[in-house]
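These are the residues of each chain, in order.
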Amino acid sequence: LCLMAAPGKVAAFRLPPLPTIGEIIKLFRLKALKQLSQNFLLDLRLTDKIVKQAGELKNAHVCEVGPGPGGITRSILSAGVEQLLLIEKDARFIPGLQMLSEAAPGKVHIVHGDILTYKMEKAFPKHLKKNWEDEPPNIHIIGNLPFSVSTPLIIKWLENVSKRDGPFIYGRTQMTLTFQKEVGERLTANPGSKQRSRLSIMAQHLCTVENCFVIPGQAFVPKPEVDVAVVHFTPLVQPKIQQPFELVEKVVQSVFQFRRKYCFRGIETLFPENGRLKRTELLMMTANVDPTLRPFQLSMSQFRNLCNAYRKMCDEDPSLFVFNYREELRQKKMTRSLLESTGQPEQTEEENQL
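Residues numbered from 1 in each chain as written. Predicted model: local features only at pLDDT ≥ 70, side-chain atom pairs only at ≥ 80, totals over all residues. Heavy atoms only, no water.

### Brief notes about the overall build of the protein
(1) Moving on: Looking only at helices and strands, the protein has 14 helices and 11 strands in total.
(2) Moving on: The 354 residues of the protein split such that 48% are buried.
(3) Moving on: Taking all contacts inside the protein whose residues are at least 6 apart in sequence as the whole, residues at least 24 apart take part in 68%.
(4) Moving on: Surface exposure of the protein reaches about 17700 Å², of which carbon and sulfur atoms provide 52%. (Helix = DSSP H or I, 4+ residues; strand = E, 2+ residues; numbered from the N terminus. Buried < 20%, exposed > 50% of the residue type's maximum accessible area, 1.4 Å probe, protein only. Contact = heavy atoms within 4.5 Å. Areas by Shrake-Rupley, 256 points an atom, 1.4 Å probe, with all protein chains shown as cover.)

Here it is as structure tokens:
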């Protein structure tokens, strides 16, 4: 370990000389697995740039998700963090990460586990906790996520933001994560944009979402077929829609169910067939939303009105919230199959859309 300091200045942390990431990959015979959608980032200038988007990391506590061969890990350690928690699912990468851990004594804790099931509530010291209304805690989540896990993981973390649990039990923990470029565009898309989707609403109603920069695919090994976006999230003090996560998700999912049609078409799927049209009209009138707008044209305030109006209807009739449109379709199809003696009946337009 090499500590260098100018006279009168606090000693800065420097990693000792280490094999390059490319040499680590050869040394431990690491190969990116296509089935796990793994891609390695070898250029330390780019890993430094990713880490820079997280903000000031000096003396911070950081959790890196899926460090792999450790490119971003080196950049995080070079930023002068207090503690670094590495969560890696693939056992092949652990020996290379242990080498980094030995180069930064006392700073690195390696967990061989799955981030989707890892309990983040006890990942950091209690003294770092901040009130939700305060500035974000000195805690950061950083990760070059495999494409296969990025969307389910951000939805899980957005639910944690909504409930202020998981990594957000410490306050408004910030996240700097990579996604396929298209997913990054969806996360930050504005009303009217063709990229506007369920992900746009779920992320933006809970966080300030910033699409920082795009890394070209050829910077990765092996080269993915798409470019990669680096996205930064800071949870909002007040969510834009003041309703439970499950309710917001159900409304938003329903609206985008038929994304090319008028929005009332998706809203209809919130209600059972019996009384569907009447209830849809009532919801749209209460929310003051034009039923002929397309889903991607709706503003955040219109989604808020829809969620508030739907909540009121669910409070009056609790069976509404547990209603499942797809299940109703399945039941209808089964009934039709029983009645039809000559093979499978033709699918309805609704079934084809879904």
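That was the structure; now back to the text.
### Re the pairing of strand β8 (residues 174-180)
(1) Moving on: Most of β8 is tucked away, with six of its seven residues classed as buried.
(2) Moving on: This β-α-β element, strand β7 (residues 139-143) to helix α5 (residues 147-163) to β8, shows right-handed connectivity.
(3) Moving on: The sheet contact formed by β8 and strand β11 (residues 228-235) spans six bridges and is antiparallel. If you follow Met175 over to β11, its bridge partner there is Phe233. (Right-handed = clockwise from strand over helix to strand, strands pointing away. Pairing = 2+ DSSP bridges.)

### A look at the packing of aromatic side chains
(1) Moving on: Inspection of every chain in the model, using the stated rule, returns five aromatic pairs.
(2) Moving on: Between Phe179 and Phe233, the ring centres sit 6.1 Å apart and the planes meet at 65°, which makes this aromatic pair edge-to-face. Taken together, the residues Phe179 in strand β8 and Phe233 in strand β11 connect sequence positions 54 residues apart.
(3) Moving on: For Phe179, a relative accessible area of 0% gives the class buried.
(4) Moving on: For Phe233, a relative accessible area of 0% puts it in the buried group.
(5) Moving on: Ring centres 6.4 Å apart and planes at 35° place the aromatic pair Tyr262 and Phe264 in the tilted group. (Phe/Tyr/Trp six-rings, centres within 6.5 Å; stacked < 30°, edge-to-face > 60°.)

### Some thoughts on the UniProt feature "binding site: S-adenosyl-L-methionine" (unreviewed entry) in the protein
(1) Moving on: Per the UniProt record, "binding site: S-adenosyl-L-methionine" (unreviewed entry) is found at Asn39, Leu41, Gly66, Glu88, Asp114 and Asn144.
(2) Moving on: Inspection of the secondary structure puts Asn39 in the loop between α1 (21-27) and β3 (40-41).
(3) Moving on: For Asn39, a relative accessible area of 16% corresponds to the buried category.
(4) Moving on: Not counting the four nearest positions on each side in its chain, Asn39 is found in contact with Asn144, Phe147, Phe220, Val221, Pro222, Lys223 and Pro224.
(5) Moving on: Its location among the elements puts Asn144 in the loop between β7 and α5. (UniProt positions renumbered as here; feature names shortened; annotations may be inferred.)

### Some thoughts on the packing of helix α8 (residues 245-255) against helix α11 (residues 300-316)
(1) Moving on: With their axes 10 Å apart at the nearest point, α8 and α11 run at an angle of 115° to one another. α8 and α11 meet at a crossing whose hand is right-handed. Touching Leu247, Val248, Lys250, Val251, Val252 and Val255 of α8 are Phe303, Leu306, Cys307, Tyr310 and Arg311, all from α11.
(2) Moving on: A class-by-class count of the residues in the contact of α8 with α11 yields nine nonpolar, no polar and two charged. (Axes fitted to C-alpha atoms, helices over the stretch in contact; angles between N-to-C directions. Left-handed = near helix turned anticlockwise from the far one by under 90°. Nonpolar A, V, L, I, M, F, W, Y, C, P; charged D, E, K, R; others polar.)

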